[in-house]
Amino acid sequence: MRHLLSVADLDRDAAVLVLDTAAEMAKTQGREIKKLPTLRGRTVVNLFFEDSTRTRISFEAAAKRLSADVINFSAKGSSVSKGESLKDTALTLQAMGADAVVVRHQASGAPHRLANAGWLDAAVLNAGDGTHQHPTQALLDAFTIRRHLRGPDVGDPDGVGADLSGLHVAIVGDVLHSRVARSNVGLLTTLGARVTLVAPPTLVPIGADRWPCEISYHLDEVLDSGPDAVMMLRVQRERMGGPGLAGAATSAGFFPSPLEYTRQYGLDARRLARLPEHAIVMHPGPMNRGLEISADAADSPRAVIVEQVANGVAVRMAVLYLLLAGDREKGTEA
Ligand code: NCD
């Protein structure tokens with residue numbers, strides 16, 4: 001594999017390999033000295049056209065812990081705000097000798113263009129494109145689910161419990177705008193899990209009935225069916241584009257009011273109590289506390305939201321390692 005653009009790039013064995021490699025990386029992250037020499041002399045560019053907290057610092061930490069040089073490029077404050085094209089930006093990165101480009105872009109498909117247009121020799125890692133894909137988020141979610149529900153030491157690719165078969169994951173909320181939901185439906189089902197999407201009809205994308213999952217409009221029914229993990233999605237008001245959108249308060253007709261949304265689709269302590277004892281609560285962040293998840297649900301002992309962030313570093317180390325270190329071995333042999 002040269003790039004990681006979509007979870008569709010990963011079959012079951014490739015996904016398990018990433019998770020197993022991430023488990024090895026996670027072990028090194030418990031040490032006092034967390035840095036490995038693996039990518040010394042390699043350059044990783046973080047190319048972020050869209051806002052990000054977790055994903056950007058997670059990729060930065062991952063690359064640094066593998067001893068790569070990291071260049072952070074955000075569109076704000078760069079020549080992109082002077083109208084520079086994706087192509088010219090790519091040619092600049094190529095001239096600087098980037099070995100990997102981690103890209104987040106508001107346009108679905110931008111990472112594919114970067115990878116396939118012939119502008120760059122670097123490996124391209126999709127860190128979220130529009131409403132399309134966010135493969136490393138799905139990988140860190142799968143890693144977190146596997147750790148909690150299968151045990152921390154699954155490392156044998158053929159062993160029982162290496163994948164997620166038999167588990168049931170509910171993904172709840174603004175599926176329409178969510179690259180996290182799309183990526184997770186693909187990856188979790190590749191790994192053998194059963195996925196149920198729960199959303200108001202207005203936030204289910206057209207065509208989702210052909211995805212390899214079930215769809216429900218009733219959160220309480222799905223919670224009562226005993227899912228092993230519940231993944232809450234952020235209500236992405238910045239993508240709802242209603243009239244007078246100032247970035248914050250509108251729901252632009254997707255649901256009657258925030259209160260009504262919370263009443264029907266919000267996770268709170270009362271709903272948490274309907275879940276099986278072992279079930280975990282996830283959220284990719286950033287959370288709208290009080291909208292899709294209450295503070296007591298977000299901070300409850302069964303929430304693994306902070307662990308998802310920590311696991312993100314190990315998973316991104318694994319992906320960078322698999323894309324770049326293998327490549328270097330080939331390079332030195334030649
Ligand atoms: C997600 C994203 O940006 O797609 N966040 C993340 O990467 N941690 C989800 C979101 O923004 O709601």
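Our subject is the structure that appears above.
Definitions and limits used
Residues numbered from 1 in each chain as written. Predicted model: local features only at pLDDT ≥ 70, side-chain atom pairs only at ≥ 80, totals over all residues. Heavy atoms only, no water. Helix = DSSP H or I, 4+ residues; strand = E, 2+ residues; numbered from the N terminus. Salt bridge = Lys/Arg side-chain N within 4 Å of Asp/Glu carboxyl O. Buried < 20%, exposed > 50% of the residue type's maximum accessible area, 1.4 Å probe, protein only. Near = heavy atom within 4 Å. Polar contact = N/O pair within 3.5 Å; in protein donor to acceptor, adjacent residues only side chain to side chain. Areas by Shrake-Rupley, 256 points an atom, 1.4 Å probe, with all protein chains shown as cover. Nonpolar A, V, L, I, M, F, W, Y, C, P; charged D, E, K, R; others polar.

**Student:** Explain unusual backbone geometry to me, using residue names and the numbers behind them.
**Tutor:** With glycine set apart, most residues show a phi of negative sign, and most peptide bonds adopt trans. Omega for the peptide link from Gly-285 to Pro-286 comes to -10 degrees, which places this bond in the cis form. You can see Pro-286 is positioned in the loop between β9 (280–282) and α10 (295–298). The backbone of Ser-67 shows a phi angle near 70 degrees, a positive value even though the residue is not glycine. Looking at the secondary structure, you find Ser-67 in the loop between α2 (54–65) and β2 (69–74).

**Student:** If you had to explain the pattern of salt bridges to someone new, which residues and values would you point to?
**Tutor:** Taken as a whole and assessed by the stated rule, the structure comprises 15 salt bridges. Close ionic contact of Asp-220 with Arg-271 constitutes a salt bridge, the shortest N to O distance being 2.7 Å. Taken together, the residues span a long stretch of sequence, with Asp-220 in helix α7 (residues 219–224) and Arg-271 in helix α9 (residues 269–272) at a distance of 51 residues. With relative accessibility at 3%, the residue Arg-271 sits in the buried group. The network of salt bridges with common partners includes Asp-220, Asp-224, Arg-271 and Arg-274.

**Student:** Describe the site of the ligand, listing the residues and the values that go with them.
**Tutor:** Close to the ligand lie Thr-55, Arg-104, His-134, Gln-137, Arg-179, Val-180, Arg-234, Gln-236, Pro-284, Gly-285 and Pro-286. One of the side-chain nitrogen or oxygen atoms of Arg-104 is found 3.1 Å away from an oxygen atom of the ligand. In the model, an oxygen atom of the ligand is placed 2.7 Å from a nitrogen or oxygen of the His-134 side chain. Burial of the ligand by the protein amounts to 94% of the accessible area it has alone, namely 310 Å². For the shell around the ligand, the per-class residue count stands at 3 nonpolar, 5 polar and 3 charged.

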